[in-house]
Structures are given as C-alpha cells and as structure tokens.
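One-letter residues, chain by chain:
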Amino acid sequence: MRRWWVICIIPFGLILILSRAASSQSPPQSNRDFLITVWTTEEGLPQNSVNDICQTQDGYLWFTTMDGLVRYDGVRFTVFNKGNAPGLAGNRLLRLKEDADGALWISSENGGVTRYAQGGVKTLTTQDGLPHNRISRIQQDGRGGLQFQTRDGYAYWRGGKLLPDPEKLDPGKTRKFFASSGAVWTLDETGLYRFKNGTTISYPPLIPPASIRFIPFYEDRQQNLWLGAAGTGAFKIKDGMITRYTEKDGLPPFPLAEFLEDRDGVIWVSTIGGGVACLQAGRFSLYTTQNGLSDNSTGPLLEDREGNLWVGTSAGGVNRLSRKIITTYGKENGLHDLSVYPIL
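Residues numbered from 1 in each chain as written. Predicted model: local features only at pLDDT ≥ 70, side-chain atom pairs only at ≥ 80, totals over all residues. Heavy atoms only, no water.

### Some words on the confidence of the model for the chain
Turning to step 1, where the next piece is worked out: Per-residue pLDDT for the chain averages 88, and the proportion of residues at 70 or more is 85%.
Turning to step 2, where the next piece is worked out: Per-residue pLDDT stays below 50 along residues 1–31; that stretch engages in 63 contacts with residues further than four places along the chain or on separate chains. (pLDDT = per-residue confidence, 0-100. Contact = heavy atoms within 4.5 Å.)

Put into structure tokens, the structure is as follows:
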C-alpha cells in the first residue's frame, strides 16, 4: 500500500505529519513516538492502584483496583463493588482473566475468586476447595480451563468444576506456566524445564529460590519464553539458548512485573520502580515519570484492539500510550531557529 508523507513548515517549529496504513507501523524509535494519557480518581477511577487490565470479547476494558472493579467503554468508567454488585468477592481486587466461554474471573485480596458471566455472579472460596482465598495469578491451563495460584497452592477450573492440584505443588517452591504454543514450563530451585510432545529441555537455575513465587512468565509469538526477577534481569529462552538482559542493556534494576509483545513484535516490560521498558535493536528504552507516566511503579500491561498500550500503576491510576502521528521538531532536533517560513 502506498505511503503518503505530508510536510508542513510553519513558524515556531516544524511539524511532520505522516499518514500510513496501520499494518505498516514500525516499532517505536523514541519516547517522542507516544502520547501518554492518564486516568486517576479525578477522571472516575475509584482508587489509583490498578492491579490488572483485561479487554473482553465485547470490547470493554476492565480494571481491578483496591476499591472495586471498573469497566471502561471508551468514554466513562462504571464501578462495581460490594455495594452495587453483592456477588463480588470483595472490593480489594487483584487479578482478571476472561475464559474460553467469555466469563470474566476476578480475584480478590482475601475473598476468593468471582466468576462474572451473563448467567450471573458466583464466588469461589476455600469452602469450595480453594487452598487459600488470596489468588495472586490466573492463567489458562492448556486444556481449556484455568489455573489459580493461591498463597498455599494451586487449583483448577475445568469442565465447570473447581478441582484440586493433583501434584499438590507449593507456589513458593514450584511454578508451572502453560504457554500458548502448548509447551508446559516448570520452574523450581533445581532449574527450569520445558515439556512438549514428550520432549524435555532442561535449563540451569536462573532465579533465586526466594523469587520463584513472584516472577512473571511470558511466551512471545516466536515461542521465546521471557522471565526475570529483581537482581537477575530478564531472560529470553528458546531451544536451549539463554539470552540475558541487564542494566548494561538499559533494563532498570527493579523487580519485573509483566512482559508483553505488541503487534509490531516489540517486547515491553513493566517494572516496580523503574517505569516501563521496551526492547528495540537489542537495547531497552525507558518510559518513566520524566516522559509523562503517572507512576514509576508499574504492573499490568495490555495492548488493546486499536494498538494502544495500557499500563496499570501502584498509585498513579492507569496510563495509555498511543502512537503519535504528529511529530514536532525544534532546535534539539537540529533546526537552527524556531522561526521557519513557508516553503513550497
């Protein structure tokens, strides 16, 4: 498809307007390539700690906060809490996950997990078989169901039933990640193991045992596994090869919260204290409060259907990074003077 460039030269600077097909977008080259928009309690959030983000099949964006569940329709926020949605597990909410049937699962700090579907609301707790009522992670289990990681163990939702973990694994010692490629990864103090089609690939210990419970896992479209922890940096793993990224590569020395690959193949990492980093040309670029983020303690990442990147924070609400189509050039970019006259 043909690309069109339109250059307008006006006083007080140079503005370059680029109109191009969305499918032709190239990876971001600098912090100037994004417009950052922030939503906090002043814009309708009930609380500024955004713990997870999910876009459901109907297009709504959902956020968990420490004071309720929030739905965003692109214009306004609708808040759900124990006052207007009695079936919720609580107001202090942690994780979100949409299952294969379109039901939305919401975990709470200490009230179990709630399944929200058109048929109604149902909350599961230890009385229903959860090992503990605090659920820190929810993931697809590779069999059409879900795995819940609680403080004291795992449980599974399969075939409309809550089932115990047959292996009785301790999340503080052993983590299991079900990748979209069909691979199953297991991490413990002895190392990292990949299981698929009857084949096992073993890797040496990469993560301190004390961090096993907390580390994020992510598989990109090239089937690279990403993981990392405070003090270790980030690891990219595939076919027996390990690539490590540290401060020398631009990654800030903070705990890593989540990984995400955007539609352009750029890997993003949220950190707890160092803002958000994106990997391009083998090096990480940072987005922090100096570039417009509301908080450097970041967590959940989501790319919506329009290609915007959403970033949840610990105390700064939610940030949206949207691609700029207008770039302004000034003296810092090489112009000799800000008074520029029309040129045809």
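Let's pick the thread back up.
### Notes on the pairing of strand S25 (residues 267–271)
Turning to step 1, where the next piece is worked out: When you tally the buried positions in S25, you get 5 out of 5 residues, the bulk of the element.
Turning to step 2, where the next piece is worked out: In S25, alternate side chains face the same way, and those of Ile 267, Val 269 and Thr 271 on one face and Trp 268 and Ser 270 on the other are all buried.
Turning to step 3, where the next piece is worked out: Strand direction decides the pairing type here: S25 and strand S26 (residues 276–280), joined by 4 bridges, are antiparallel. The residue of S26 that forms the bridge with Ser 270 is Val 276. (Buried < 20%, exposed > 50% of the residue type's maximum accessible area, 1.4 Å probe, protein only. Helix = DSSP H or I, 4+ residues; strand = E, 2+ residues; numbered from the N terminus. Pairing = 2+ DSSP bridges.)

### Let's talk about the packing of aromatic side chains
Turning to step 1, where the next piece is worked out: Tallied over the full model, the rule gives 19 aromatic pairs.
Turning to step 2, where the next piece is worked out: Seen from their ring centres, Tyr 72 and Trp 310 are 6.1 Å apart, and the 65° between their planes marks the pair as edge-to-face. Note that Tyr 72 is positioned in strand S6 (residues 68–72) and Trp 310 in strand S29 (residues 309–313), a separation of 238 residues in sequence.
Turning to step 3, where the next piece is worked out: By way of ring pairs, the aromatic residues Trp 39, Phe 63, Tyr 72, Phe 77 and Trp 310 are connected into one cluster.
Turning to step 4, where the next piece is worked out: Between Arg 71 and the ring centre of Tyr 60, over which it is positioned, the NZ or CZ distance is 4.7 Å.
Turning to step 5, where the next piece is worked out: Stacked on the ring of Tyr 156, the Lys or Arg Arg 158 has its end atom at 4.2 Å from the ring centre. (Phe/Tyr/Trp six-rings, centres within 6.5 Å; stacked < 30°, edge-to-face > 60°. Lys NZ or Arg CZ within 6 Å of the ring centre and 35° of its normal.)

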